[in-house]
Amino acid sequence: IHVVPSLDLVVVVTAGLGEYRELTVTRRLYGSVVMAIESEPPSPDPDGEARLAAAVTAAVDGPEPSPVTIPAIAKTIEGVRWEFAEDELPGGGFTLDFDDDSALLPLEGLGPEPDEWDFEIRGWTELDGPVESEVGLTGRFVVDDFYGLPTAWRGQWTSDDTFEVEFHLLDGTGVRGTFEFTFQDATAQMRLRLVEAAPITLMAQRGG
């Protein structure tokens, strides 16, 4: 999204562009398109201005919060550390804790080796210990860091034993996907799905 306030201009490129192609778009926009723009003084449009104001308010406020339904299994799995197999992700694991309208998701061992996950994230930061992210449960995203990157999170129980977390990185890369956690007795399955990438499935055992 390119914003040129002096011209009241917003240009949206609806494509996933790499770093160099994005630079090409920027050069063409400011070197050709912006230089060629001419316009007359705007005509009064009270109806259009009212619609714009309503759209801006809706974008800022976000969707109306939806009721939070947490199944009984949540009480048996929250606070438990679920540990991935050593041959899949040594030292990795996750925990889930639930509040009235959000969840806390500490993840450990998922980085900083993006090459092994078939995707690349600029700015990926190596951290010691788990990365704790707050996840909205009311249908609204909550913005929190993920390995040093600003990320929007929201989650919901899609069945009595499956909790799905949707995330969007807000660093301009367009990386987004879901974590799907399915619980059964002393085991759990975590499936990571990224847009335009094969899903990754890891099994975890109930720890302490």
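Residues numbered from 1 in each chain as written. Predicted model: local features only at pLDDT ≥ 70, side-chain atom pairs only at ≥ 80, totals over all residues. Heavy atoms only, no water.

Trainee: Even after reading the chapter, I still don't get a negative patch on the surface, so can you show me in this structure?
Mentor: A cluster of acidic residues, Asp99, Asp100, Asp101 and Glu134, forms a negative patch on the protein surface. Take aspartate 101: it is sitting in the loop between strand E5 (97–98) and strand E6 (102–108). (Patch = residues over 30% accessible without salt bridge, like charges linked within 9 Å, V, L, I, M, F, W, Y side chains within 5 Å. Areas by Shrake-Rupley, 256 points an atom, 1.4 Å probe, with all protein chains shown as cover. Salt bridge = Lys/Arg side-chain N within 4 Å of Asp/Glu carboxyl O. Lys, Arg positive; Asp, Glu negative; His and termini not counted. Charge placed at Lys NZ, Arg CZ, Asp CG, Glu CD. Helix = DSSP H or I, 4+ residues; strand = E, 2+ residues; numbered from the N terminus.)

Trainee: Would you explain the nonpolar core in this entry?
Mentor: For soluble globular proteins, nonpolar side chains are generally found buried alongside one another. Judged by nonpolar contacts, the single largest core of 35 residues is most densely connected at Phe94, Phe98, Phe163, Phe179, Phe181 and Phe183. Discounting chain neighbours no more than four positions away, the residues touching phenylalanine 98 are Ile70, Ala74, Ile77, Glu78, Ala103, Leu137, Trp157 and Phe163. (Core = buried A, V, L, I, M, F, W, Y, C linked by side-chain atoms within 4.5 Å. Buried < 20%, exposed > 50% of the residue type's maximum accessible area, 1.4 Å probe, protein only. Contact = heavy atoms within 4.5 Å.)

Trainee: Would you mind going over the packing of aromatic side chains with me for this structure?
Mentor: Aromatic ring pairs: the centre-centre distance and the angle between the two ring planes describe each pair. A complete count under the given rule lists 14 aromatic pairs for this structure. Geometrically, the ring pair formed by tryptophan 153 and phenylalanine 167 is tilted, given 5.7 Å between the ring centres and 35° between the ring planes. Residue tryptophan 153 is located in strand E9 (residues 149–159), and its partner phenylalanine 167 is located in strand E10 (residues 162–169); the two are separated by 14 residues in the primary sequence. Residue tryptophan 153 is classed as buried on the basis of its relative accessible area of 0%. Residue classification places phenylalanine 167 among the buried residues on the basis of a relative accessible area of 3%. Three or more aromatic residues joined by ring pairs make a cluster, and in this case those are Trp82, Phe84, Phe94, Phe98, Phe146, Trp153, Trp157, Phe163, Phe167, Phe179, Phe181 and Phe183. (Phe/Tyr/Trp six-rings, centres within 6.5 Å; stacked < 30°, edge-to-face > 60°.)

Trainee: What am I meant to see in the pattern of salt bridges here?
Mentor: Close approach of charged atoms allows side chains of opposite charge to pair. Inspection of every chain in the model, using the stated rule, returns five salt bridges. Two residues, arginine 81 and glutamate 108, come together in a salt bridge whose shortest N-O distance is 3.1 Å. Pair noted here: arginine 81 is in the loop between helix H3 (73–77) and strand E3 (82–84) and glutamate 108 is in strand E6, with a separation of 27 residues, a long-range link. Glutamate 108 sits in the partly exposed class, given a relative accessible area of 23%.

Trainee: What's the story with the confidence of the model for the chain in this structure? I'm lost.
Mentor: The predicted coordinates ought not to be read in detail in places where the model reports low pLDDT. A residue-level look at the chain finds 86% of positions with pLDDT of 70 or above and a mean pLDDT of 82. Per-residue pLDDT stays below 50 along residues 112–125; that stretch engages in 31 contacts with residues further than four places along the chain or on separate chains. (pLDDT = per-residue confidence, 0-100.)

Trainee: Mind showing me how you'd approach the pairing of strand E12 (residues 187–194) here?
Mentor: Looking along a regular strand, one sees side chains alternate from face to face of the sheet. Side chains Ala188, Met190, Leu192 and Leu194 of E12 all project onto a buried face; the interleaved residues Thr187, Gln189, Arg191 and Arg193 project onto a face where none is buried. Here strand E11 (residues 176–184) pairs with E12 via eight bridges, running antiparallel. Of the residues in E12, the one forming a bridge with phenylalanine 183 is alanine 188. In this structure, E12 lies alongside strand E13 (residues 200–206), joined through six bridges in antiparallel fashion. In the sheet register, methionine 190 faces E13, and the bridge partner there is leucine 202. Linking E12 to E13, which pair antiparallel, is a turn of five residues; within it glutamate 196 sits at a positive phi near 65°. (Pairing = 2+ DSSP bridges.)

Trainee: Can you walk me through the environment of glycine 79 in this structure?
Mentor: Among the secondary structure elements, glycine 79 is positioned in the loop between H3 and E3. Separated by 18 residues in sequence, glycine 79 and aspartate 97 place their C-alpha atoms 5.6 Å apart.

Trainee: Got a minute to help me understand unusual backbone geometry in this structure?
Mentor: Trans is the common state for peptide bonds, and a negative phi is the common state for residues other than glycine. We note that aspartate 185 has phi near 55°; this positive angle belongs to a residue other than glycine. Relative to the elements of secondary structure, aspartate 185 occurs in the loop between E11 and E12. Residue classification places aspartate 185 among the exposed positions, given a relative accessible area of 69%.

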